[in-house]
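Summary of the model geometry
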Amino acid sequence: MALALRWLRPLPSLLHRSPLLVGRGLPGAPQACPALLLEGCRQCVHQVLLSRQLATKKAKGKGQSQAKVNISAALVEDIINLEETSEDMQAVIEALKEDFNRNISVRTSPGALDHISVVTKDGKFPLNQLGQISQKSPQLLIVNMTNFPESTAAAMKAIRESGMNLNPEVDGTVIRVPVPKVTREHRESLAKLAKQSTNKSKEALRKVRSKSISQVKKFKSKVSEDTIWLLEKQIQQMADEAVAEMDKLLAAKTKELLG
């Protein structure tokens with residue numbers, strides 16, 4: 001008890017030296033408790049700083065997680081838009097879901113070819129804007145390039161290099177795309193593609209996280225060290241949760257493909 005009192009005694013003076021906390025209130029404190037009054041509000045001080053103390057220590061024992069940081073976006077809106085960061089991270093997850101649904105499946109449908117990117121002399125275009133895609137049989141897709149015959153070779157190359165294990169054949173301006181039988185080898189190939197796609201998405205997520213942390217660090221000279229630390233912790237926490245969701249998506253897709 002004596003040790004706890006000695007720890008709490010210097011807190012009011014430290015808190016008053018934080019420009020952000022003085023002007024807006026301490027993140028995590030009740031709204032009715034402005035920072036200017038925190039000297040007499042030990043409960044708020046204890047609650048907020050204890051959460052930081054817990055977060056800085058590694059959890060003891062297996063299966064225990066660190067205390068979470070949850071900063072009100074309104075309190076730090078002049079430093080960073082946390083909602084925008086969250087939306088950017090969610091967009092990466094949604095893109096991964098879309099890739100799994102469209103491109104990584106044991107069954108290939110005409111729609112799976114729609115957004116294959118074809119590089120032409122006039123730029124990049126989705127395959128479905130250059131050719132008419134149809135399914136002649138369960139084992140054969142047809143891409144009719146009559147409207148853009150000059151792009152037939154480029155479309156062939158794009159299909160072959162799409163990572164979908166397809167070997168197209170050309171007949172004039174018609175591209176025939178045999179659909180591989182669902183063999184164990186094909187399933188394993190798709191599972192590898194799913195993992196590669198997930199790793200690319202994680203790299204995109206790291207870029208979002210790094211950009212956000214760089215934005216926060218620009219305010220090092222304007223706000224307290226504690227505020228910077230808590231924001232970085234919050235952003236990392238958001239990124240960790242996004243990675244965990246990606247791992248769940250990959251696990252589900254792998255189970256779907258390999259059983």
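Residues numbered from 1 in each chain as written. Predicted model: local features only at pLDDT ≥ 70, side-chain atom pairs only at ≥ 80, totals over all residues. Heavy atoms only, no water.

Per an unreviewed UniProt entry, the recorded name for the protein is Ribosome-recycling factor, mitochondrial, and the organism is Campylorhamphus procurvoides. Turning to the protein, the UniProt record has this under Sequence similarities (unreviewed entry): "Belongs to the RRF family." Regarding the protein, the UniProt comment filed under Subcellular location (unreviewed entry) reads as follows: "Mitochondrion". (UniProt positions renumbered as here; feature names shortened; annotations may be inferred.)

1. Quick look at the pattern of salt bridges
Considering all chains together, one arrives at seven salt bridges under this definition. Taken together, the shared-partner salt bridges in this structure form one network comprising Glu-94, Lys-97 and Glu-245. (Salt bridge = Lys/Arg side-chain N within 4 Å of Asp/Glu carboxyl O.)

2. A closer look at the environment of Leu-231
On the secondary structure map, Leu-231 appears in helix H9 (residues 225-258). For Leu-231, a relative accessible area of 0% corresponds to the buried category. Leu-231 sits 152 residues away from Ile-79 along the chain, and the two C-alpha atoms are 9.4 Å apart. Look past the residues within four positions of Leu-231 in its chain and what remains in contact with it is Ile-71, Val-76, Ile-79, Ile-80, Leu-82 and Val-216. (Helix = DSSP H or I, 4+ residues; strand = E, 2+ residues; numbered from the N terminus. Buried < 20%, exposed > 50% of the residue type's maximum accessible area, 1.4 Å probe, protein only. Contact = heavy atoms within 4.5 Å.)

3. Considering the side chain of Gln-237
Structurally, Gln-237 is set in helix H9. Excluding anything up to four places from it in sequence, Gln-237 contacts Lys-68 and Val-69.

4. Considering the pairing of strand S1 (residues 117-120)
Judged by which residues are buried, S1 turns out to be one-sided: Val-118 and Thr-120 face inward and are buried, whereas Ser-117 and Val-119, on the alternate face, are not. In this sheet, strand S2 (residues 123-126) lies alongside S1 in antiparallel orientation, the contact comprising four bridges. Bridge pairing in S2 places Thr-120 opposite Gly-123. As consecutive antiparallel partners, S1 and S2 are separated by two residues. (Pairing = 2+ DSSP bridges.)

5. Regarding the layout of surface pockets
Reported here for the largest pocket is a volume of approximately 550 Å³. Residue lining of the largest pocket: 23 residues in total, with Asp-99, Asn-103, Glu-161, Ser-162 and Gly-163 positioned closest to the centre. Elements supplying a minimum of two residues to the lining of the largest pocket: helix H5 (82-103), S1, helix H7 (152-160) and helix H8 (184-217). No other element matches the five residues that H5 contributes to the lining of the largest pocket. When grouped by side-chain class, the residues that make up the lining of the largest pocket number 10 nonpolar, seven polar and six charged. If you count residues domain by domain, the lining of the largest pocket takes at least three from each of domain 1 (73-104 + 183-258) and domain 2 (110-178). (1 Å grid on protein atoms, 1.4 Å probe; cavity = no way out; pocket = protein on both sides within 12 Å on 5 of 7 lines; lining within 4 Å. Points joined across faces, edges and corners; volume = space filled by probe spheres on them. Nonpolar A, V, L, I, M, F, W, Y, C, P; charged D, E, K, R; others polar. Domains from an automatic or database assignment.)

6. Points about H9
The end-to-end C-alpha distance of H9 is 49 Å, a good match for the 50 Å that 34 residues give at a rise of 1.5 Å each. Of the residues one or two after H9, Gly-259 is the one with positive phi, at around 80 degrees. (Expected span 1.5 Å × (residues − 1).)

7. Regarding the sheet that holds strand S3 (residues 132-137)
Pairing within the open sheet is antiparallel, and its four strands lie in the order S3-S4-S6-S5. Since the sheet does not close on itself, it has two edges, and those belong to S3 and strand S5 (169-171), each with one partner. The sheet shows a mean angle of 25 degrees between the axes of neighbouring strands, taken without regard to direction. Looking at chain direction, S3 and strand S4 (residues 140-144) are connected through five bridges and run antiparallel. Within the sheet, the bridge partner assigned to Ser-137 lies in S4 and is Leu-140. Taken strand by strand, H7 contacts S4, S5 and strand S6 (174-178), and its axis lies near 10 degrees from that of S6. (Axes fitted to C-alpha atoms, helices over the stretch in contact; angles between N-to-C directions.)

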